[in-house]
Amino acid sequence: MKKLLSYSVVFFVLTIILLLIIPLPAAIVDVAIILNISLSLMILIITMTIREPLEFAIYPSLLLITTLFRLGINVSTTRNILTNSGSSGQIIKAFGDFILQGNVVVGLVIYLIIVLMQFLVITKGAERVSEVAARFTLDAMPGKQMAIDADLNSGLINEQQARIRREKIQREADFYGSMDGATKIVKGDSVMSLITTGINLVGGIIIGMVQASGTLGEVAVTYSIATVGDGLVGQIPSLLISTATGMIVTRAVAEGSLNEDISKQFTAQPTAIMISGVVVAVLTVIPGMPVLQLVIVSAGLIAGGYYLSRRIKEEPSMAAAGFAAGGPGGFEGAPDAMPGEEGQESLRQVTEEEYYKDVNNVYNLLTVEPIEMEFGYSLIPLVDESVGGKLINRIVIFRRQYAQDMGFVIPSIRLRDSSGLNTNQYCIKIKGEEVARGELLVDYFLALDPENPEKEIDGIETIEPAYGIPSRWIRPEDREMAEIYGYTVIDPLSVLVTHLSEVVKQHAHELLTRQEIIHLVENTKKIAPELIEEAFPNFINYSLFQKILTSLLREGVPIKDMETIIETALESISETGLPIKDVDGLIERIRTALKRTITRLYCEDGSMKVLTMDSELERTMVGCLSKGERGYYLALNPEVLQSLINQITEQLKKFNSLSQSPVILTSQVMRVHFYRLIDQFYPNVRVLSFNEIANNVQIQSIGSLTLENPERRGA
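Residues numbered from 1 in each chain as written. Predicted model: local features only at pLDDT ≥ 70, side-chain atom pairs only at ≥ 80, totals over all residues. Heavy atoms only, no water.

## What to know about the overall build of the protein chain
For step 1, the next point in the chain: Along its length, the protein chain carries 28 helices and 14 strands.
For step 2, the next point in the chain: For the protein chain, with 715 residues in total, the buried portion stands at 41%.
For step 3, the next point in the chain: Counted over contacts in the protein chain with a minimum sequence separation of 6, partners at least 24 positions apart contribute 74%.
For step 4, the next point in the chain: Entry remark: accessible area of the protein chain is about 37,700 Å², with carbon and sulfur atoms responsible for 58%. (Helix = DSSP H or I, 4+ residues; strand = E, 2+ residues; numbered from the N terminus. Buried < 20%, exposed > 50% of the residue type's maximum accessible area, 1.4 Å probe, protein only. Contact = heavy atoms within 4.5 Å. Areas by Shrake-Rupley, 256 points an atom, 1.4 Å probe, with all protein chains shown as cover.)

## Concerning the sheet that holds strand S14 (residues 698-705)
Strand pairing in a sheet relies on backbone hydrogen bonds, with the paired strands running either antiparallel or parallel.
For step 1, the next point in the chain: Taken in spatial order, the 4 strands make up an open sheet running S13-S12-S9-S14, and their pairing is parallel. Here the strands that pair on one side only, and so sit at the sheet edges, are strand S13 (686-689) and S14. Each adjacent strand pair in this sheet contributes to an overall mean axis angle of 40°, direction not counted.
For step 2, the next point in the chain: Bridge analysis of strand S9 (residues 607-613) against strand S12 (residues 663-666) gives 2 bridges, and the strand direction is parallel. (Pairing = 2+ DSSP bridges. Axes fitted to C-alpha atoms, helices over the stretch in contact; angles between N-to-C directions.)

## Some thoughts on the pattern of salt bridges
A side chain with one charge may pair with a side chain of the opposite charge, provided their charged atoms come close.
For step 1, the next point in the chain: Taken as a whole and judged by the stated rule, the model has 19 salt bridges.
For step 2, the next point in the chain: In this structure, the salt-bridge partner of Asp478 is Arg475, at a minimum N-O distance of 3.0 Å.
For step 3, the next point in the chain: When salt bridges that share partners are traced, they join Glu555, Glu588, Arg591, Arg671 and Glu692 into one network. (Salt bridge = Lys/Arg side-chain N within 4 Å of Asp/Glu carboxyl O.)

## What to know about the side chain of Glu369
For step 1, the next point in the chain: Position of Glu369 relative to the elements: it lies in the loop between helix H13 (359-363) and strand S1 (371-375).
For step 2, the next point in the chain: On the accessibility criterion, Glu369 (10% relative accessible area) is buried.
For step 3, the next point in the chain: A polar contact of 3.3 Å, which involves the side chain of Glu369, links it to the side chain of Arg414.
For step 4, the next point in the chain: When sequence neighbours within four positions are dropped, the list of residues in contact with Glu369 reads Arg414, Arg416, Lys431 and Gly432. (Polar contact = N/O pair within 3.5 Å; in protein donor to acceptor, adjacent residues only side chain to side chain.)

## Comments concerning the pairing of S13
For step 1, the next point in the chain: Here S13 shows two buried faces, one formed by Arg686 and Leu688 and the other by Val687 and Ser689.
For step 2, the next point in the chain: With 4 bridges joining them, S12 and S13 adopt parallel strand pairing. Residue pairing across strands places Leu665 opposite Leu688, the latter belonging to S13.
For step 3, the next point in the chain: After leaving S12, the chain enters helix H27 (residues 668-678) and then returns to the sheet as S13, a path that is right-handed. (Right-handed = clockwise from strand over helix to strand, strands pointing away.)

## With respect to empty space enclosed by the protein
For step 1, the next point in the chain: The tally for this structure, following the rule as stated, stands at 4 cavities of 30 Å³ or more.
For step 2, the next point in the chain: One number sums up the size of the largest cavity: a volume of about 70 Å³.
For step 3, the next point in the chain: Surrounding the largest cavity, Arg70, Asn74, Tyr111, Asp189, Ser193, Thr196, Thr197, Asp230, Gly231, Gly234, Gln235 and Ser238 form its lining.
For step 4, the next point in the chain: Looking at the lining of the largest cavity, the elements with two or more residues in it are helix H4 (59-83), helix H7 (159-210) and helix H8 (216-249).
For step 5, the next point in the chain: Tallying contributions element by element places H8 first for the lining of the largest cavity, with 5 residues. (1 Å grid on protein atoms, 1.4 Å probe; cavity = no way out; pocket = protein on both sides within 12 Å on 5 of 7 lines; lining within 4 Å. Points joined across faces, edges and corners; volume = space filled by probe spheres on them.)

## Remarks on H27
For step 1, the next point in the chain: Burial within H27 is extensive, with 8 of its 11 residues counted as buried.
For step 2, the next point in the chain: Taken as a whole, H27 has its buried residues at Met670, Arg671, Val672, His673, Phe674, Tyr675, Leu677 and Ile678.

## So, a nonpolar patch on the surface
For step 1, the next point in the chain: A surface patch of nonpolar side chains, amounting to about 630 Å² of accessible area, comprises Val10, Phe11, Leu14, Ile17, Leu18, Ile21 and Ile22.
For step 2, the next point in the chain: If you trace the backbone, Leu14 turns up in helix H2 (residues 8-19). (Patch = residues over 30% accessible without salt bridge, like charges linked within 9 Å, V, L, I, M, F, W, Y side chains within 5 Å.)

## Structural notes on the packing of aromatic side chains
For step 1, the next point in the chain: Counted by the stated rule, this structure contains 3 aromatic pairs.
For step 2, the next point in the chain: A centroid spacing of 5.4 Å and a plane angle of 25° characterise the contact between Phe536 and Tyr542, whose relative ring orientation is stacked.
For step 3, the next point in the chain: Taken together, Phe536, Tyr542 and Phe545 form an aromatic cluster joined through their ring pairs. (Phe/Tyr/Trp six-rings, centres within 6.5 Å; stacked < 30°, edge-to-face > 60°.)

## Here we look at the environment of Ile565
For step 1, the next point in the chain: The residue Ile565 is located in helix H22 (residues 562-576) in this model.
For step 2, the next point in the chain: Its relative accessible area of 0% is what places Ile565 among the buried residues.
For step 3, the next point in the chain: Through-space distance from the C-alpha of Ile565 to that of Ile587 is 9.2 Å; in sequence the pair is 22 residues apart.
For step 4, the next point in the chain: The residues touching Ile565, leaving out its near neighbours within four places in the chain, are Phe545, Ile548, Leu549, Leu552, Ile559, Ile590 and Leu594.

## Some words on the environment of Ser418
For step 1, the next point in the chain: Mapped onto the elements, Ser418 comes out in the loop between strand S2 (413-417) and strand S3 (425-430).
For step 2, the next point in the chain: Distance in space between the C-alpha atoms of Ser418 and Glu374 is 5.8 Å, their sequence separation being 44 residues.
For step 3, the next point in the chain: If we ignore the near neighbours within four places in the chain, the residues touching Ser418 are Glu374, Phe375 and Gly376.
For step 4, the next point in the chain: One polar contact links the side chain of Ser418 to the main-chain amide nitrogen of Gly420, over a distance of 3.2 Å.

## Section: the sheet that holds strand S6 (residues 460-463)
For step 1, the next point in the chain: In space, the 4 strands of this open sheet follow the order S6-S7-S5-S8, with antiparallel pairing throughout. If you trace the sheet from one side to the other, it starts and ends with S6 and strand S8 (488-490), each paired once. On average, each strand axis in the sheet is tilted by 35° relative to the strand beside it, whichever way the strands run.
For step 2, the next point in the chain: Both S6 and strand S7 (residues 470-474) contribute to a ladder of 4 bridges, which runs antiparallel. From the neighbouring strand, Glu461 faces S7, where its bridge partner is Arg472.

## With respect to the nonpolar core
For step 1, the next point in the chain: The biggest cluster of nonpolar side chains holds 74 residues, and the ones touching the most others in it are Phe545, Leu549 and Leu552.
For step 2, the next point in the chain: Setting aside residues up to four positions removed in sequence, Phe545 forms contacts with Ile517, Val521, Phe536, Ile540, Met562, Ile565 and Ile566.
For step 3, the next point in the chain: Core analysis: the second largest hydrophobic core is formed by 23 residues, Met621, Leu677, Ile678 and Val687 among them. (Core = buried A, V, L, I, M, F, W, Y, C linked by side-chain atoms within 4.5 Å.)

## Looking at the packing of helix H21 (residues 542-554) against H22
For step 1, the next point in the chain: Contact geometry for H21 and H22: axes closest at 12 Å, N-to-C directions at 125°. In this view, H21 runs oblique relative to H22, as classed from their interaxial angle. By crossing handedness, the relation of H21 to H22 is classed as right-handed. Here Leu544, Phe545, Ile548, Leu549 and Leu552 of H21 come into contact with H22, specifically with Met562, Ile565, Ile566, Ala569 and Ile573.
For step 2, the next point in the chain: Looking at the contact of H21 with H22 residue by residue, the classes come out as 10 nonpolar, no polar and no charged. (Parallel < 35°, antiparallel > 145°, perpendicular 65-115°, else oblique. Left-handed = near helix turned anticlockwise from the far one by under 90°. Nonpolar A, V, L, I, M, F, W, Y, C, P; charged D, E, K, R; others polar.)

## Observations regarding the environment of Arg311
For step 1, the next point in the chain: Looking at where Arg311 falls in the secondary structure, it is placed in helix H11 (residues 291-314).
For step 2, the next point in the chain: In this structure the C-alpha to C-alpha distance between Arg311 and Pro270, which are 41 residues apart in sequence, comes to 9.9 Å.

## Description of a negative patch on the surface
For step 1, the next point in the chain: A contiguous patch of negative charge on the surface is contributed by Asp561, Glu563, Glu567 and Glu571.
For step 2, the next point in the chain: Relative to the helices and strands, Asp561 is located in the loop between H21 and H22.
For step 3, the next point in the chain: The class for Asp561 is partly exposed, based on a relative accessible area of 35%. (Lys, Arg positive; Asp, Glu negative; His and termini not counted. Charge placed at Lys NZ, Arg CZ, Asp CG, Glu CD.)

## A look at unusual backbone geometry
For step 1, the next point in the chain: In this chain, Phe536 is followed by Pro537 through a cis amide linkage whose omega measures -5°.
For step 2, the next point in the chain: Residues other than glycine seldom take positive phi values, yet Lys431 does so here, at roughly 55°.
For step 3, the next point in the chain: Residue classification places Lys431 among the partly exposed positions, given a relative accessible area of 43%.
For step 4, the next point in the chain: The backbone of Asp605 sits at a positive phi, close to 55°, despite the residue not being glycine.
For step 5, the next point in the chain: Position of Asp605 relative to the elements: it lies in the loop between helix H24 (595-602) and S9.
For step 6, the next point in the chain: Owing to a relative accessible area of 84%, Asp605 belongs among the exposed residues under this scheme.

So, in C-alpha cells, the structure goes:
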C-alpha cells in the first residue's frame, strides 16, 4: 500500500494525460473542476504562509502539473461542449448563467477583462520578477559562498552549518532558475485559454447551425453560456496559480509569513496611517461624496494610528538615555562582561572621587583583564543590547565554536567605551596591552576587493583589519551590485567579530593560565579518573602540562583530545624517566599522536598542498644546530637566512588563491627549530613534519626551498 502511495503523483499525471484522450462524462468533469479549484486555492494559501520560497521548493514542478491538469480539463470540457450541444456539466452552466445574467455581451466582456488582467498584469509581472531574481541569484552565488567561508574561518559557524548554507544557496539558484522557466508555462496557459474560448464560441455556433439546433440567437446564447462558464472555471484556478507564482517569487526579502510581515511593517508606521485618515477626511468637502462612509474610515485610521503611536512610545527603550559611567570606563545599559561570566557590575550613581575613597576599590585597578575591547562612541550601538546591539551574542557563539574546535574556553571579554579613541575606532587588548586596532563605519558595508572585479564600485578605500585585504566601505544600497561585481560584502559587526576571533586565536596560548590548566584537568577527570590519578602529580606536574598545551595552542593545534595528550605524555615520561630533559621531544611525540587532528586542519579533499625543503638545505640546518641554556636552537648564516626568507616570501604567494593555510614540510628533527626560526617573520605559516600527516593523505608539493649559493647569486 505504501509503495502505491509513493507513486500517487505518477498515477495522477498519467490520469491527466488520459483526460486529453478519453471522453469523460459531465459528472466526472465536474469533480475534476472542483479538484482543480481546490488545489489552486490550497497552493495560493501555502505561498502566503511560508517564510521563504525554499519551504515550497516543489512549486516549479507543481506548476507544470497543475497547468497540465487544467489543460486536460479544458480539452474534456471543449469536447463535451461541441458534442453535447453546449452542455458540459452543472458547474460550467452555473458559472455561465451567473455571469451572463441574460446579457451575452456583458458576460464576454467580464470574461475577457479577467483573462487580460491575468495575462498582462499578474503573469507578466511574475515572469519579469522571476527572470530578474534568477539572474541576480546566480550572479551573487560566488559572493555568498565567500561570505560563508569568512564566517567559517572566523568561527561564527561550524563545518556542518557551512555545508547547509552552501546547499541552501545552490537550492536557491536552482529554484529561481526553475521559476524563470515555469512562469513561461503560466503565460502560455493564459494564451491557450483565449484560444480555447474562441474555439468553443465560434466552433459551437457553426456546429449548432449545421445541425439546425435552433435560430442563430438561440445557438449563440447556448454556446455563449457554455463558453463563458468553461472559461471561468479554467481562469479562476489559473488566476489563483498566477497570483501564487507572483507571491512566491516576491518573497525574497521577507522575514516571516506574508501575514506577519504585513502586520509588523504596517503597524510600525502609525504616522502614515494617521495622515491617510486626515486625507480621507478632507475628501468629505467634495460635493456628492458619501460623507458617512468617509467619516467612519477616516476616524478608524486616525484612531488606529494614534493607538499604535502611543504603544510604540510606551515600549521600553534605552536608546535616548545615552551612556553614563558605570564605574570607570563602563557602559550603562551594556554589560562590561559577557552574560553568565563574572556577572554584570551594578551601575553606580556616585562620582569617581567618592568611588575611590574606599581603598578596596583602588585595589580593583590592579586587576588585569585577559581580554578587553574598547570602543569609540559611534560603535556603542553594536554593543548595547538595549538598542539592538548583537556583539555579545556573536561573542558567545564564537566562544562556543572555539571551545568545540580547540578544546579551550576563552576567558571573559570586558567591553568598555573609551574617550581616547576616535568615534569609529576600536581596540583589542590582551592582558591590559593593546594588540590590535581597527576602524568601522557602522552605516556602511565592507566590500573585499576581488582579484579581477567585473567593475569597480564606489566606496571609501580601507584595509580589512583581520586579514589585511584591500577593501572599501560601500553604502547599503550598493551591496547587491557589489556582490554582482564579485565583491565579498560583510556587515560591520561581522568585521568586528572576525577581527576579534583572529586576535584571540593568535594569542590563545597567552590566555591559557595555570588556573585554566587545573580546570581542564579536572574536567578530564570526570571521564578518565584513573588516567588523571596516575599522571598527576607523580609524572606530570601542572607546570610541565601548561608548557605542553601552550606550545600546541601557539601553533594552532587543538587540545580537545586531552586523553590522548596525557596518555602520550605519560608513556614518554615512563620511557625516559624523571626529570624531563627533552620537553621539545615530548611535545613532538604528542603532535605525532594527534596527527589525524593536525592533518584535518590543513587537508582538503584528501590532499595537502605544502612547501618542501631539499635535502641539502636540511643537512645544512642540522649542522647549524647549537646548544644553549634552554636546549638546541638554529643558528643559520645571515646570508643563508636572508635567502631562505626571500624564498619563503615568494613561495607563499602560491597559497593566495587557495583556501588552505600555508604549510612547510620538514623532518621531525628540524620541525620545532625551523618553526621558531621563521615564526617571527611568518606567524601564520604552519611547519609540520612528515610524522604528523596521516597515511591516507596525498601530499602535493607546490614549491621547494633550496640552499642557494651566495657567490653564484651575487654573480
